[in-house]
There are 2 protein chains.
Amino acid sequence: MLSVWVVSRSCPDSMHVLMNYCSHCGASVTHKIPLGDNLPRHVCDQCERIHYHNPKIVAGCIPEWEDQILLCRRAIEPRLGLWTFPAGFMELGESTEQAAVRETLEEAHADVRITGLYAVLSLPNIGQVYLVFRGRMKTPVFQAGPESLDVRLFSLSDIPWETMAFPVVSEALRRYVADAKAGEFRLHLDSLPDKPAF
Amino acid sequence: MLSVWVVSRSCPDSMHVLMNYCSHCGASVTHKIPLGDNLPRHVCDQCERIHYHNPKIVAGCIPEWEDQILLCRRAIEPRLGLWTFPAGFMELGESTEQAAVRETLEEAHADVRITGLYAVLSLPNIGQVYLVFRGRMKTPVFQAGPESLDVRLFSLSDIPWETMAFPVVSEALRRYVADAKAGEFRLHLDSLPDKPAF
């Protein structure tokens, strides 16, 4: 079977999904624009199935306890050893809020009640959309989960800006701190130029 | 090569992604829980690549012109002949707002300026998240795109409730009309039990 890996100009290189074979019938695929479509897709050379690849949702939570927030130091790559709020890919079968609660439980062993959506940050260069929620910790109990080296409550004046894991995390927290100072949290809707290197 | 199609209990049947072969090397895959994970994934029997499947974002827009909104009558299955606001799967390389603007242009040939996020509605039973925006039409110009039979401006008292395409569309519009009557649009964050039959 022929391995086909064609780069199109319709979206950035970094996002091209590597697909050589049809996941349904195992035949080779060709990256081409199907009839009636306007974007190239991976199309099976045998069963003609069209394979669509779409952005993924990263559900995150800023866990709050009194006037502090809970951050995790990553125990896994990428960005091992750096800080983030709990966040991860949403799974099939859950809601966005459930995903944020689950990630907080898995990474920080903290139980939160989601109080609202704080930010929708698109990262078009890497095919991700961050949905960042605010969550009120039910108790001040927390502990590093298997993907965290350390979990700590930080005052907003003590956030470890120099050792944050991802630009999108820094950006969300920067806005959060500004809103907290201003005394009003509003919904943030924006697009960030994160590169895959981060 | 063996075709493997195992149903797990971790998420509803309707969402199981059919994957028989590794899209990278073409070998068979097994649906099992990888080491260090807690959910079953499709894992390649040869190259051991893990294939993740995640919810998809449907970006929608409620296009507004004065006190009317623009709806499209679907020219394609599913729900051919029924009404919806412009909405469709977000593509790689765009932001959520760009996806909503693009869908409005494609389905209704209408040019909108996004004014805010109106609703985030998770459909965990079918692995979709609707991000519904409000959009102000720049001009009262519109026309049926290739996926629409008809496009019309509706007063909020004339919405064709009996012939709406999807429950999630009815639900978003129901909330929209209630908010319009109350004189205040707030962000709606919820989870709906849409079934794949719709």
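Residues numbered from 1 in each chain as written. Chains lettered and ligands numbered in written order. Predicted model: local features only at pLDDT ≥ 70, side-chain atom pairs only at ≥ 80, totals over all residues. Heavy atoms only, no water.

(A) Just the interface of chain A and chain B, in detail. On the side of chain B, 45 residues touch chain A, which itself brings 45 residues to the contact. Summing both partners gives a buried area of about 3,500 Å² for chain A against chain B, and 63% of it is carried by carbon and sulfur. Between the two partners, chain A and chain B, sit 2 salt bridges. For B:R41, the salt bridge identified is with A:E91, shortest N-O distance 2.7 Å. Put simply, chain A and chain B have 14 residue pairs in polar contact (both at pLDDT 80 or more) between them. Looking at the side of chain A that touches chain B, the elements with two or more residues in it are strand 4 (56–65), helix 1 (96–108), strand 8 (112–123), strand 9 (128–137) and strand 11 (188–191) of chain A. Tallied by class, residues from the side of chain A that touches chain B come to 24 nonpolar, 13 polar and 8 charged. (Contact = heavy atoms within 4.5 Å. Buried area = accessible area lost by both parts, 1.4 Å probe. Salt bridge = Lys/Arg side-chain N within 4 Å of Asp/Glu carboxyl O. Polar contact = N/O pair within 3.5 Å; in protein donor to acceptor, adjacent residues only side chain to side chain. Helix = DSSP H or I, 4+ residues; strand = E, 2+ residues; numbered from the N terminus. Nonpolar A, V, L, I, M, F, W, Y, C, P; charged D, E, K, R; others polar.)

(B) A look at the sheet that holds strand 3 (residues 50–51) of chain A. Residue and element names in this part refer to chain A. Sheet architecture is open: 3 strands sit in the order 1-2-3, paired in antiparallel fashion. The outermost strands of the open sheet, each flanked by one partner alone, are strand 1 (29–32) and strand 3. Inspection of the sheet shows strand 1 paired to strand 2 (residues 41–44) by 4 bridges, in the antiparallel sense. If you follow H31 over to strand 2, its bridge partner there is H42. (Pairing = 2+ DSSP bridges.)

(C) Fine view of the nonpolar core. Ranked by size, the top nonpolar core spans 38 residues in total, and within it A:L117, A:L131, B:L117 and B:L131 carry the most contacts. Counting 26 residues, the second largest nonpolar core, distinct from the first, contains B:I62, B:A87, B:L121 and B:V177. (Core = buried A, V, L, I, M, F, W, Y, C linked by side-chain atoms within 4.5 Å. Buried < 20%, exposed > 50% of the residue type's maximum accessible area, 1.4 Å probe, protein only.)

(D) Structural detail: the state of the cysteines. All names here are of chain B. For the structure on display, the rule yields 0 disulfides over all chains. Not engaged in a disulfide, the cysteine C47 finds its nearest cysteine sulfur in C44; these two sulfurs lie 3.7 Å apart. A relative accessible area of 33% means that C47 is categorised as partly exposed. Cysteine C72 is unpaired, with the sulfur of C61 as its nearest cysteine sulfur at 9.9 Å. Overall, the relative accessible area of 1% leaves C72 in the buried class. (Disulfide = S-S within 2.5 Å.)

(E) Fine view of helix 2 (residues 167–182) of chain B. Residue and element names in this part refer to chain B. Over its 16 residues, helix 2 extends 22 Å from the first C-alpha to the last, a length consistent with the 22 Å expected when each residue adds 1.5 Å. Every buried residue of helix 2 is listed here: V168, V169, E171, A172, L173, R175, Y176, V177 and D179. One or two residues past the end of helix 2 sits G183, with phi positive at roughly 85 degrees. (Expected span 1.5 Å × (residues − 1).)

(F) Examining unusual backbone geometry more closely. Backbone torsion omega between A:E77 and A:P78 reads -5 degrees, so that peptide bond is classified as cis. As for its placement among the helices and strands, A:P78 is situated in the loop between strand 5 (68–74) and strand 6 (83–84). Despite not being glycine, A:E48 shows a phi value in the positive range, around 65 degrees. Relative to the assigned elements, A:E48 resides in the loop between strand 2 and strand 3. In this model, B:H109 sits at a positive phi of 45 degrees, which is unusual for a non-glycine residue. Here B:H109 shows up in the loop between helix 1 (96–108) and strand 8 (112–123).

(G) The sheet that holds strand 1 (residues 29–32) of chain B, seen in detail. Read across the sheet, 3 strands follow the order 1-2-3 (chain B) without closing on themselves; strand pairing throughout is antiparallel. Both outer strands of the open sheet, strand 1 and strand 3 (50–51) of chain B, are each paired with one neighbouring strand and no more.

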